[in-house]
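Survey of secondary and tertiary structure
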Amino acid sequence: MAFQIPRGTQDILPGEVERWQYIENTAREICKLYQYKEIRTPVFEHTELFQRGVGESTDIVQKEMYTFQDRKGRNITLRPEGTASTVRAFVEKKLYAQPAQPTKLYYIGPMFRYERPQTGRFRQFVQFGVEALGSSNPAMDAEVISLAMELYRSVGLKKLKLIINSLGDADSRKAHKEALIAHFEPRIGEFCSDCQKRLTQNPLRILDCKTDRDHELMKTAPSIMDYLNDESRAYFEKVQAYLTDLGIDFTVDPNLVRGLDYYNHTAFEIMSDAEGFGAITTLCGGGRYNGLVQEIGGPETPGIGFALSIERLLAALDAEGVELPVDQSIDCFVVTLGDKPKDRSVSLVYELRKAGLTAEKDYDDKKMKAQFKAADRFNARYVAVLGEDELEKNMISVKNMESGEQKEISLQDLAAYIKG
Ligand code: HAM
C-alpha cells in the first residue's frame, strides 16, 4: 500500500525549503533588532489551557482542535496557536519577575487546526508570532504592528493593507456587548445555531459570522466606536498617532472582530491586496490581550502580539511575483580524472568545507562529461579539475564559471584562491 500525506499538511522539499529558511532567518534578524527573544514551548498542551486561553466561544475551541487522551487519560491538544502557550510559560516560569520588563518574546513553529483545507488554509501550518508582555503603553502596540509590517517589507511585499480597530477596555466592551444583545436578541431566531450560542457567550463574534453576514441586522449593528469610553478612545488615538509617526498607512475598520476571545483595545490584521491572491487575504492577525495573563493564573499583566503564517506569506510573495534572493549555488565542484585523483578528492572537498566553502564532488564514478554536467546542476561558481598529471605536481586546474578564466594553482592554495 502506498502511503499518502494527511490532508491539509505539506512536505516542504529541498528547492522550496530554502524560501522558508530565508523567511525564518529574516524574522529572527528583525526580532533581534527589536529585541524580542525566542521562546520554544511544547507542540501539545493540556486541553484546558486553550479552552481558557483562546476561549470557549471561538471556532478554534469548538470545532478545530486536535484533542486526544494520552495513555493516562489526560486531555491533550496540539496547539492551535502560540499565545496561550507563551502566556502559560510566562506565568509558570515567572518571567514577570525578571528584571528586564516588558518581556518581549517570539516563536516560530507548527500549529494545528482541524479546518477545511483550501488555498492558504492548512491543518498544520507554521506561525511566526511575537508577544510583548508587561506594557500597556500604546507605543508597544505601534512597535508590535511595525515589526509585522517590517517582516513583510523586508521580504519584498508591497501590496499590503493594515486594518486596525479598538475593542476598548472592559467597560467599553461591556457597554457594547449589552447593545449588541439588545440589537440581536429579538430576532436571534433568524440566525444560525452558532450565532444563537454566541449571543450569550460572546455577541461580538456574531459580527464575524460567515453564514449570517448578509443579514440586515448586521449592517445596523451598534459599532464599538460609539461605545469606547474616553480612556479607550484616547488610547486608540495614541496608537494611530504613533503609526502615523512611523509612516505606516492603516485603515480603521470598526467591524474588525478577531476570532479569538482574549482581545481588547487594539486589534489588527494585515491583508494582501495583490490581485489573484484568492479568497483568504488575511496574512497576519493580532491585538492586545490585557487580562489574559490573569486568566491563565498570573499577576495582572497587559500584553499584545500577533501571529502570521509562513504559508500565507509565501502565497503573497507568489501573488506579487516576488522572488526571494535565495542562493542555490555552491562555491566549488571538484571533477576528477583517474583513480588517484578520485581518492584525493575525498579529502580535498573535506578541506574546502573546513575552510567554510560549499563544495561537492561526484560519488558515482561518472565520466568527465557527466561530472561537468553535475557541476552545472549544482550551479558551481568554480569547477576544480584534478587529473593524474596535476596530482603528481600537487596542482589543480580551476575554472571560474562566470568569467571563464582558467588557472592552474597549487592544491594547498585552492580554498584561499576561491575565497579570494
Ligand atoms: P489567528 O488570527 O488565529 O491569530 O492566526 C494568525 C495567523 O495565522 C493568520 O493571520 C494566518 O496567517 C495564520 N493562520 C491561521 N490559521 C491558518 C491556517 N489554517 N492555515 C494557514 N495559516 C493560518 C492567532 O493565532 C493569535 N494567537 C495571534 C496573536 C498573537 N494575537 C496576539 N498574539
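Just so you know, these numbers come straight off a predicted model, no measurement behind them. (Residues numbered from 1 in each chain as written. Predicted model: local features only at pLDDT ≥ 70, side-chain atom pairs only at ≥ 80, totals over all residues. Heavy atoms only, no water.)

If you tally the helices and strands in the protein chain, you get 15 helices and 16 strands. Across the 420 residues that make up the protein chain, the buried fraction comes to 51%. Restricting to contacts in the protein chain with at least 6 residues of sequence separation, those with at least 24 account for 68%. Of the roughly 21,500 Å² of accessible surface on the protein chain, 48% is carried by carbon and sulfur atoms. (Helix = DSSP H or I, 4+ residues; strand = E, 2+ residues; numbered from the N terminus. Buried < 20%, exposed > 50% of the residue type's maximum accessible area, 1.4 Å probe, protein only. Contact = heavy atoms within 4.5 Å. Areas by Shrake-Rupley, 256 points an atom, 1.4 Å probe, with all protein chains shown as cover.)

Let us look at the site of the ligand. With respect to spatial proximity, 27 residues lie near the ligand, and among them Glu81, Glu115, Arg258, Tyr263 and Leu283 are the closest. Within the contact set of the ligand, an oxygen atom lies 3.1 Å away from a side-chain nitrogen or oxygen of Gln127. Residue Leu283 places a main-chain N or O atom 2.7 Å away from an oxygen atom belonging to the ligand. If the ligand stood free it would expose 660 Å²; the protein chains cover 96% of that surface. Taken together, the elements giving at least two residues each to the shell around the ligand come down to β6 (124-133), β10 (282-288) and β11 (303-309). Among the elements that line the shell around the ligand, the one with the most residues is β10, at 6 residues. The class makeup of the residues in the shell around the ligand is 11 nonpolar, 9 polar and 7 charged. (Near = heavy atom within 4 Å. Polar contact = N/O pair within 3.5 Å; in protein donor to acceptor, adjacent residues only side chain to side chain. Nonpolar A, V, L, I, M, F, W, Y, C, P; charged D, E, K, R; others polar.)

Here we come to helix α6 (residues 170-184). At 3.6 residues per turn, the α-helix brings residues three or four places apart onto the same side. For α6, with 15 residues, the first-to-last C-alpha span of 21 Å sits near the 21 Å given by 1.5 Å per residue. All of the buried residues along α6 are Ser172, His176, Ala179, Leu180, His183 and Phe184. End-on view of α6: buried residues confined to an arc of 120 degrees, all on one side of the axis. Residues Ala170, Asp171, Lys174 and Ala182 are exposed on α6 and point more than 90 degrees away from its buried face. At its buried positions, α6 is contacted by α7 (193-201), α8 (216-219) and α9 (230-245). (Expected span 1.5 Å × (residues − 1). Arc of directions from axis to C-beta.)

Moving on: unusual backbone geometry. Of the consecutive residues Gln101 and Pro102, the connecting peptide bond is found in the cis state with omega at -5 degrees. Along the polypeptide, Pro102 turns up in the loop between α4 (83-92) and β5 (103-112). Positive phi, normally seen in glycine, also occurs at Lys94, with a value near 50 degrees. By secondary structure assignment, the location of Lys94 is in the loop between α4 and β5. The exposure class assigned to Lys94 is partly exposed, which follows from its relative accessible area of 49%.

Turning next to the pairing of β10. Within β10, 7 of the 7 residues are buried, which leaves the element mostly enclosed by the surrounding structure. Pairing of β10 with β11, which is carried by 5 bridges, proceeds in the antiparallel orientation. Opposite Arg288, over in β11, you have Ile304 as the bridge partner. (Pairing = 2+ DSSP bridges.)

When we look at a pair of aromatic rings, we describe it by the centre distance and by the angle of the planes. Evaluated as defined, the whole model comprises 9 aromatic pairs. Ring centres of Tyr382 and Tyr417 lie 5.9 Å apart, and the angle between their planes is 70 degrees; on these two criteria the pair is classed as edge-to-face. Here Tyr382, found in strand β14 (residues 380-386), pairs with Tyr417, found in helix α15 (residues 414-419); they are 35 residues apart in sequence, far enough to count as distant. Here a set of aromatic residues connected by ring pairs shows up, and it is made of Tyr106, Phe128 and Phe306. For Arg123, the ring lying beneath its charged end belongs to Tyr114, and the centroid distance is 3.9 Å. Across from the ring centre of Tyr363, 4.6 Å away, lies the NZ or CZ of Lys361, which sits over that ring. (Phe/Tyr/Trp six-rings, centres within 6.5 Å; stacked < 30°, edge-to-face > 60°. Lys NZ or Arg CZ within 6 Å of the ring centre and 35° of its normal.)

The positions UniProt marks with the feature "binding site: L-histidine" (unreviewed entry) are Glu81, Gly82, Thr83, Arg113, Gln127, Glu131, Arg258, Tyr262 and Tyr263. The exposure class assigned to Glu131 is buried, which follows from its relative accessible area of 1%. Residues in contact with Glu131, not counting those within four places in the same chain, are Tyr36, Gly82, Thr83, Thr86, Thr103, Lys104, Leu105, Tyr107, Tyr289, Ile304, Gly305 and Phe306. A polar contact is formed between the side chain of Glu131 and the side chain of Thr83, at a distance of 2.9 Å. With respect to the secondary-structure elements, Tyr262 resides in the loop between β8 (251-252) and β9 (264-272). Excluding its chain neighbours within four sequence positions, the residues that come into contact with Tyr262 are Gly53, Val54, Glu81, Thr83, Arg288, Tyr289 and Leu292. Reaching out from Tyr262, the side chain makes a polar contact with the side chain of Glu81 at a distance of 2.5 Å. (UniProt positions renumbered as here; feature names shortened; annotations may be inferred.)

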